[in-house]
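Next come the chains, spelled out residue by residue.
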Amino acid sequence: MPNHISFIMDGNNRWSKLNNYNQHDAYKKGGNKLITLANYIFDNYKTNFVSAFALSNNNLKRSKKIIDTLKSVLLVFLKDTLNKNYNFQIIFIGDLNFFNEETRKLLNEIQLQNINKKKKLIIFLNYSGRKDIETAYTNKTKQKNNYLKSLSTYNIPDPDMLIRSGGYQRISDFMLYQIAFTELFFSNKLWPDLSKRDINNFINKYKSTKRKFGI
């Protein structure tokens, strides 16, 4: 059974166009889908970590309109999430200094909620796998273990499986060091359309895979 299931949440913008939704509502639907799927996985599988690539550092190259929409949706998501008694803790990873003071305050407050819960939902915001490695290298010492401690994902187990929605079969700068032996799964469905049945199917495929770790 996978201990850590990771997602690349791709396709919200395309979903908005196909379904005549405005971008704000489509991205909000995407955020709600993450909570729904995380709850489902934690309730039905012996999985302790779910992570999601919600905003790439490279996404900041998009138009100001889309970036402003993403910031607005995130703020709404955080306000909705504040004081929710989930059966998991939410952790945020990435360069959070990009966000305004109100957003950063909410990010910090939410991370302190449910802090004693064993299960963790990790949301990557303004994150770059390359930059994570470069930063760790800059902070390196002569001891390998100290180098690894500089990675933003230190103390989080590497993903056992990674599911990407949206039809593209690429990693897009997500956890480049950590997915060396992760089982990769791709769906043509856009992120808001990904279902619990899809998750079941991917996990069943994972369970039938013999993981060799290069041996």
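Scroll up to find the structure this text is about.
Once a new chain begins, its residue numbering starts again from 1 and follows that chain's sequence as written. Side-chain atom pairs in this predicted model are given and counted only at pLDDT of 80 or more, local residue features only at pLDDT of at least 70, and totals for whole chains, interfaces and linings cover all residues. Hydrogens and water are ignored here; the side-chain numbers use all heavy atoms of the structure.

> What am I meant to see in the packing of aromatic side chains here?
Each aromatic ring pair is described using two quantities: the centre-to-centre distance and the angle formed by the ring planes. Pairing of aromatic rings covers Phe, Tyr and Trp, the last through its six-membered ring, and needs centres within 6.5 Å; plane angles under 30 degrees mean stacked, over 60 mean edge-to-face, and all others mean tilted. Tallying each qualifying case throughout the model produces 13 aromatic pairs. Relative to F88, the ring of Y86 has its centre 4.9 Å away and its plane inclined at 5°; by these criteria the two rings are stacked. Across this residue pair, the class does not change: Y86 and F88 are buried. Within the aromatic cluster, the residues linked to one another by ring pairs are F53, F124, Y127 and F174. We call a residue buried when its accessible area falls under 20% of the maximum for its residue type, exposed when it is over 50%, and partly exposed in between, using a 1.4 Å probe and counting protein chains only.

> What is the right way to look at the environment of W191 in this model?
Helical segments are the DSSP runs of H or I of at least four residues, strand segments are the runs of E of at least two, and each set is numbered from the N terminus. Its location among the elements puts W191 in the loop between β6 (183-186) and α7 (196-207). Linking W191 and K61, residues 130 residues apart in sequence, is a C-alpha distance of 21 Å. By definition, residues are in contact when any of their heavy atoms lie within 4.5 Å. Look past the residues within four positions of W191 in its chain and what remains in contact with it is F7, M9, D10, G11, N12, G30, K33, L34, L37 and S165.

> Would you mind showing me how to read the sheet that holds strand β2 (residues 49-56) here?
Backbone-to-backbone hydrogen bonds join strands into a sheet, with any given pair of strands oriented parallel or antiparallel. Two strands are counted as paired when DSSP detects at least two bridges linking them. With parallel pairing, six strands are arranged side by side in an open sheet as β3-β4-β2-β1-β5-β6. Taken across any chain shown, the strands that pair with only one partner, and hence form the sheet edges, are β3 (89-93) and β6. Mean inter-strand twist for the sheet, computed between neighbouring axes without regard to direction, equals 20°. Alignment of β3 against strand β4 (residues 120-127), held across five bridges, turns out to be parallel. Pairing of I90 across the sheet is with L121, part of β4. Fitted lines through C-alpha atoms serve as axes, helices being fitted only where they are in contact, and the angles separating the N-to-C directions of these axes extend from 0 to 180 degrees. Here helix α2 (residues 23-44) sits on the sheet and contacts β1 (4-8), β2, β3 and β4; the angle it forms with β4, its principal contact strand, is near 145°. Contacts from helix α4 (residues 101-111) reach β3 and β4 within the one sheet, and its direction differs from that of β3 by about 140°.

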